[in-house]
There are 4 protein chains.
Amino acid sequence: MLNKEDIILSGVVGIYSKDTNQVFQMMYYGLYGLQHRGQVSTGIAVNNNGFVDYFKDLGLVHEVYSKEVMERLRGNIAIGQVRFAFRNEEKAMQNVEPLVVGYRKGALAIVHDGKIVNFLKLRDQLEDNGIIFQSDLDSEVIANLIARYHKDDVEEALIKALEDIVGSYALIMMTNDKLIAARDPYGIKPLSLGKIKEDYILASETCAFDTIGAEFVRDIKPGEIVVIDNKGIRTIYEKSKDRKLCLFESIYFARPDSKVDGRSIYLTRIEAGRILAREAPVDGDIVIGAPDSGIVASIGYAEESKIPYAEGIIKNRYVGRTFIQPTQELREQGVKIKLNVLKENIEGKRIILVDDSVVRGTTIKRTVKMLKDAGAKEVHVRISSPPVKYPCHLGMDTPSSNHLIASNLTSGEIAEEIGVDSLSYISLKGLLEAAGEDNGFCQGCFTGKYPILKY
Amino acid sequence: MLNKEDIILSGVVGIYSKDTNQVFQMMYYGLYGLQHRGQVSTGIAVNNNGFVDYFKDLGLVHEVYSKEVMERLRGNIAIGQVRFAFRNEEKAMQNVEPLVVGYRKGALAIVHDGKIVNFLKLRDQLEDNGIIFQSDLDSEVIANLIARYHKDDVEEALIKALEDIVGSYALIMMTNDKLIAARDPYGIKPLSLGKIKEDYILASETCAFDTIGAEFVRDIKPGEIVVIDNKGIRTIYEKSKDRKLCLFESIYFARPDSKVDGRSIYLTRIEAGRILAREAPVDGDIVIGAPDSGIVASIGYAEESKIPYAEGIIKNRYVGRTFIQPTQELREQGVKIKLNVLKENIEGKRIILVDDSVVRGTTIKRTVKMLKDAGAKEVHVRISSPPVKYPCHLGMDTPSSNHLIASNLTSGEIAEEIGVDSLSYISLKGLLEAAGEDNGFCQGCFTGKYPILKY
Amino acid sequence: MLNKEDIILSGVVGIYSKDTNQVFQMMYYGLYGLQHRGQVSTGIAVNNNGFVDYFKDLGLVHEVYSKEVMERLRGNIAIGQVRFAFRNEEKAMQNVEPLVVGYRKGALAIVHDGKIVNFLKLRDQLEDNGIIFQSDLDSEVIANLIARYHKDDVEEALIKALEDIVGSYALIMMTNDKLIAARDPYGIKPLSLGKIKEDYILASETCAFDTIGAEFVRDIKPGEIVVIDNKGIRTIYEKSKDRKLCLFESIYFARPDSKVDGRSIYLTRIEAGRILAREAPVDGDIVIGAPDSGIVASIGYAEESKIPYAEGIIKNRYVGRTFIQPTQELREQGVKIKLNVLKENIEGKRIILVDDSVVRGTTIKRTVKMLKDAGAKEVHVRISSPPVKYPCHLGMDTPSSNHLIASNLTSGEIAEEIGVDSLSYISLKGLLEAAGEDNGFCQGCFTGKYPILKY
Amino acid sequence: MLNKEDIILSGVVGIYSKDTNQVFQMMYYGLYGLQHRGQVSTGIAVNNNGFVDYFKDLGLVHEVYSKEVMERLRGNIAIGQVRFAFRNEEKAMQNVEPLVVGYRKGALAIVHDGKIVNFLKLRDQLEDNGIIFQSDLDSEVIANLIARYHKDDVEEALIKALEDIVGSYALIMMTNDKLIAARDPYGIKPLSLGKIKEDYILASETCAFDTIGAEFVRDIKPGEIVVIDNKGIRTIYEKSKDRKLCLFESIYFARPDSKVDGRSIYLTRIEAGRILAREAPVDGDIVIGAPDSGIVASIGYAEESKIPYAEGIIKNRYVGRTFIQPTQELREQGVKIKLNVLKENIEGKRIILVDDSVVRGTTIKRTVKMLKDAGAKEVHVRISSPPVKYPCHLGMDTPSSNHLIASNLTSGEIAEEIGVDSLSYISLKGLLEAAGEDNGFCQGCFTGKYPILKY
């Protein structure tokens, strides 16, 4: 499982409606359905006949928006985002999207999921030309590039700007009268198109369509730029490379009820569990999943291995930001804030614990200790992704190699370090089979071979 | 699954510590572990050498308490509660516990899980004697009764007061220097005793002990009154009837990682699923559980029936109180706020849906419709509790018979009403077998025979 | 000037309307006009056909009430209060009025300005009879007394209850269908009756009538109990002693635009300044008032003495509760949070500083130091009330004698202590002349002779 | 008196300290002392060894800042602002200063009091060069200009930027290691320098120095740019025109206890009242001031005319933003939220009402009506500034001529329109005499002759 600090992730939504009746509510529930892609901040910008107003703040979707905001943000085009904080927590407020700016051609609002790898170089060039920056957002660089190409119309300016940009992105933009979506040439980040009556909706994942009752139309293609305005929808640019979707979308990021580029995330994870059971069988009494990220794969593992699936660890569903920290003494006594072991299922048993990934190794170590403390006779860890050996510069923000446990230790050494009786990973080949293709994914964190090099 | 409005439930915690070092934090995490027993309000009272201070408010545990409150509430005895609102939402604030009063003998603070059935009669008698009431809380009646018997010491006064009281209760009280716990003679409500170093902790469920790292000592016996003070712990009263623990604790209320009166809730539910599979087998492609209350039984059902267990419905984990309501149009389009169907698992399949109970029938009907809309070929509903035919006056606040679907319709009629291909319930005998005893439970909502009559 | 901690004061309002149209708003603005009588907490209870709902919280009127509260609190009878906190700051929340209770005869809500001197004795008697208390409010004792006399109708019960009570009070009560007002037999606390169309309004001060556009009808008489219901208004009890209105209402508490018992507060203060100028003339360059309480008397002093009136001290109008405290260093540097000296008017001049009263002497000492630091050549202090030598047990909560500077030092000694060139007080005779009567006021804090003895 | 919507005003503060000990607290109290210059929003940026962090929000100084913010914002250089909202209320949040940006040379933070008249032209030019804008702030244009001249060091870049800028400004800026202040060449906006031990403080008004206990050093000269860093303070630019300080600072904006460019605001206003009494004498019973802006001049008028000064209108000191609006009916009944007439002083009397200015005429009309309703026999209005006939484009944001009552009507017509017995203004000559100079002030709103033309 990834730590919070290892993730650069966000969920983006765009809506183009025929009327202004319920655009805010559609956006609200769309973001609600993507909340798993970012819990630190959220923002919505709405276009009302060329006047763009917005609201953004730190917090969850259901915490941030009030009736007053709903009544204020009326219009027929909207973009919105949920995101994790990153880079600089203290500056969190200025790093909340949408970025809304005015420029030569009017208003421009941007939300972005992904990571521009030549961000610093582009920012440097822009600063050399006297540009100021008010945030650390990639989208501020993108907005500046678009504005610099302002002599052309916005579509051409965007095309030029994106030709300067190297990195992963699912971008949704709003001008005075258009909704624009763009996906990076490798399609590293997912982006899908839905429809609800006459209205179009763009979203990072298809589960957002289900949330608001829209129908899935198609995925935005890698390298495609799509414009939606009062004339309908059209592709204005298409120059894809081979698709290299981030494998971690399949493994961890996406919600199991989403389809990404046509493939069900749930089925991928079940299948990964099954393949893992074949590749790394082990004798045990029960199969349990690490909540919540390992649950689906553990069901697949249990099915394939014919070893009973059980719940071994219970998650407190009411966890939230708290000001009250446990005392040192409570910590030593083993205060269990988020997770508790189901002792009846664990005590004296041989446990097969399935998790989605091991990055630093600290989380799995803590989980294993809980199981051992509860009397597990044996603990066998099975991971439904290969060892993460290489840091990611394209959107996962995984730590440098020396913090990646699999980069420094063999599986045997890791098993010893985390105190388990055995540890196995699915093979990369196995995972790709589960994900439905043997090529078409960025596998950089497993192989060190990235579609886009680091700057 | 029960509707929110059908439940009178709360979680109570009491702590007696040798020092004042971390009583607030222990209480905080104890309540945190019982949050599933009530999400509307919470309060903590702390005793500092006979001076009792408290804080209570509407909201979840992690929302209500601040550092300032933590620093203020220092002492060595504490009681606390989480609860659902009931009876009168508008007066919610005055119905938040602990109730803290001053009387002849000093301070008295009370938290109560349960329902006093002769509440109105007792209140009437007290009002006849000129007593005023500032809330609708049972505990205000109890406090008044104790105060009226004030000539005796508090222990005797409490014994007398409880002899006046008919109903279900797990009570935790705090006087100037004592922590007192009482469980009703039938033990309808659960209450357990734990220990952590030299400190005692009382809680509705044992999962609260795990949360703070305490060890389970024993259950408070039906009809037992226990006093904890600087001389240690002692039982001052014991006059139990046959135990009649609320069966719904096993079915729905308690957290699966709790043990209630010595029996693991998880194992009860797994076993109920297994027995249900034997009693009501049906051919199907997958077994799914209604999240979250039907999950454990569905795992048991799948195991026993050898039909694969799968996730069929995904729950949004970030749902909270929101001010933004979907428009009528969005509602018609099928906005899915809390739950979404995993279409890949449902489409074209014969689904066995396991849920813990059917009360009004509205929730299961909605869930079934989602499955059918997603293309389920067949839907077979299996319920891990018998038909709820009788209203409960002892703590569940289930609606009157004419709202209980099983009170009015046969299983066949219900199956038709909710649109399923078949519907079966576990037998009462089967459930009692799963729960580990064939007598010892209040079965009133299933049989109409209550240990305590309605007033 | 009094310190915040020396005051037990509150402002009370009651409204009986023919319809439910705007009772909340009238109450809101009525309390708004009495905000100077208490800034710690406020509450409103509204009667809607016998159902009494309420809202109360810490804060100013404009901070506490929201639109949601306004929409909830609909009805045709209402009572409300603004108050200072007292006795026990930590328990502030439970000491916020209105007190709303249920008893034999239905609902009863009470607001109270004043102080019951036999509170502890009555509470003791009630506790002896098994009564519990949930606050430190006088009104909880009053409510209990009324409930104990419940066999009679509420009017008779109230009469009996008030016969038990010794102290100062302006009480406004609400039953299921009546608004009731009572003023203590000495009329120590003010209470007036106004009318607006067909609606009646009761308020501590007439400025509340001006605020909502009502007309003054008459003062409630000392010892009078008035009932307002759908049959109109009637006096049900009248048993006054000689009126002994608190002189500090004239000196400090009441707003200058109020009339109390028929006498304009502004004119009393102007006249006190004039008499003070005659009684204690002194040569000076300008007359200034201590903001805001000494301003009016200083205008009178200037007029009579023919010495120019000027502003010498400027008050920051935007002061509020703050979490940021000045560092010790800033304090030493002389950070001026509330007041600043107008150096141009002070430097090198002989200043006559008029203030309304001296209680502990700490405030005037600080003010004088500011003037001296700003270069005042001479500072002559003139006080528009006599020396406060005796503590008050009837509503001012002034400290015990040993904290009353005039109780321990002569005027000459005080002048030396606070560092002024001269100090004079108005004579009691002079003040009474200004207040318009030579008897009819409680003068206890000046003479030690109280209409009601201390318990 | 000006309406809120007629004002573009803010208060700015800068601090350069030897240590980081209490810079935040000094800034906090400095802004506190300037709260009268803007109540809509406030922000503070602090420099900690080149790392600039900031916090800004809507609200008053004492509402916006928390202990957490105080602990976060540590450093040795700080700038801060209080401001009125303007131009676009809905976008209020992005128009809160300080503006903090990164550019080629590091961090740059700006606060600005004043109005750039060629804002649109400069913004247009910048947009033509591909610059984006995230606010409507003048300071965003200034920051962009500085960044464009980035090849030079910041001091030279600032000098060049300010040569492009036409308008009124008191600017305080912060770079990685410097505090910089600039005042426009005409000195339209005030800016003063103070010192406290080894620390420098810059502020819009000297009352901010008094608030934190600093000493006044000197005024920043019109057209002067001052740099403060670890080498001390130095003037890097000086190119003043004839000073043309905004006369409304003397009339209305500044706090009476401030000295602006060496002249006491209080004395100016007293003297204006005196001259007004000589220029426009009238027989009357009392002189009253419109609270609070007319009070000082009314004292001067009373002094000179020998007609008694009195309080005629009482202001509610506890007014704040409220969600509760009076009903239409209450409005018709004459609900008095902010002001109440002191009937005793008004009824049957000939009133001389002094106010500082008449802009639209709506406020004075309402005030006069209150006096007439209270029974004033005659009302004579005396205004301590000349008729405002011309709109201001330099910082007052007064409405266009057709909303300026004096631009359309003669004094006689205005007297009739507002329903008074006579109306007189001070002469411009008289006001200038009171303000201490006969030239040196911008008199544009009275004469139509502006030091800077409108763009």
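Residues numbered from 1 in each chain as written. Chains lettered and ligands numbered in written order. Predicted model: local features only at pLDDT ≥ 70, side-chain atom pairs only at ≥ 80, totals over all residues. Heavy atoms only, no water.

- In the nomenclature of an unreviewed UniProt entry, chain A is known as Amidophosphoribosyltransferase of Wansuia hejianensis.
- Here chain A is described in UniProt, under the heading Catalytic activity (unreviewed entry), as follows: "5-phospho-beta-D-ribosylamine + L-glutamate + diphosphate = 5-phospho-alpha-D-ribose 1-diphosphate + L-glutamine + H2O".
- We quote the UniProt Pathway (unreviewed entry) comment for chain A here in full: "Purine metabolism; IMP biosynthesis via de novo pathway; N(1)-(5-phospho-D-ribosyl)glycinamide from 5-phospho-alpha-D-ribose 1-diphosphate: step 1/2." (UniProt positions renumbered as here; feature names shortened; annotations may be inferred.)

## Concerning the interface of chain B and chain A
- Across the boundary between the two partners, chain B contributes 66 residues, which contact 66 residues of chain A.
- For the pairing of chain B and chain A, the buried interface totals around 5700 Å² over both sides, and the portion due to carbon and sulfur atoms is 57%.
- Put simply, chain B and chain A have six salt bridges between them.
- For the salt bridge of D292 of chain B with R317 of chain A, the shortest nitrogen-to-oxygen distance reads 3.9 Å.
- Taken together, the connections running from chain B to chain A amount to 24 residue pairs in polar contact (both at pLDDT 80 or more).
- Those elements giving two or more residues to the side of chain B that touches chain A turn out to be α1 (23-33), α3 (67-72), α7 (207-212), α9 (265-279), α10 (295-305), α11 (328-333), β19 (339-341) and α12 (343-346) of chain B.
- The dominant element in the side of chain B that touches chain A, judged by the number of residues it contributes, is α1 of chain B, at seven residues.
- Across the side of chain B that touches chain A, the residue classes tally to 31 nonpolar, 21 polar and 14 charged. (Contact = heavy atoms within 4.5 Å. Buried area = accessible area lost by both parts, 1.4 Å probe. Salt bridge = Lys/Arg side-chain N within 4 Å of Asp/Glu carboxyl O. Polar contact = N/O pair within 3.5 Å; in protein donor to acceptor, adjacent residues only side chain to side chain. Helix = DSSP H or I, 4+ residues; strand = E, 2+ residues; numbered from the N terminus. Nonpolar A, V, L, I, M, F, W, Y, C, P; charged D, E, K, R; others polar.)

## Digging into the confidence of the model for chain A
- Per-chain confidence: chain A averages 92 in pLDDT, with 96% of residues scoring 70 or above.
- Confidence metrics for the complex model read pTM 0.91 and ipTM 0.91. (pLDDT = per-residue confidence, 0-100.)

## Quick notes on the side chain of K56 of chain A
Residue and element names in this part refer to chain A.
- Positionally, K56 belongs in strand β3 (residues 51-58).
- Buried and without a salt bridge, K56 has E97 as its closest oppositely charged side chain, separated by 8.0 Å.
- Of the polar contacts made by the side chain of K56, one reaches the backbone oxygen of V96; its length is 2.8 Å.
- From its side chain, K56 meets the backbone oxygen of P98 in a polar contact 2.7 Å long.
- K56 has contacts with T42, G43, M93, V96, E97, P98 and L99, leaving out every residue within four places of it along the chain. (Buried < 20%, exposed > 50% of the residue type's maximum accessible area, 1.4 Å probe, protein only. Lys, Arg positive; Asp, Glu negative; His and termini not counted.)

## What to know about the interface of chain B and chain C
- Between chain B and chain C, the contact holds 29 residues from the first and 29 residues from the second.
- Of the roughly 2600 Å² buried between chain B and chain C on both sides combined, carbon and sulfur atoms contribute 45%.
- One can count six salt bridges joining chain B with chain C.
- Across the salt bridge formed by R104 of chain B and E127 of chain C, the nearest N and O atoms sit 3.0 Å from each other.
- Joining chain B to chain C, the criterion identifies 10 residue pairs in polar contact (both at pLDDT 80 or more).
- Mapped onto the side of chain B that touches chain C, the elements with two or more residues apiece are β3 (51-58), β5 (99-103), α4 (119-128) and α5 (138-148) of chain B.

## Examining helix α16 (residues 428-435) of chain D
Residues and elements named next belong to chain D.
- Among the residues of α16, those classed as buried are G430, L431, L432, A434 and A435.
- Buried residues along α16 sit in contact with α8 (247-253), β16 (263-264), α9 (265-279), β23 (441-442) and α17 (444-447).
- Following α16 by one or two positions, G436 adopts a phi angle in the positive range, close to 95 degrees.

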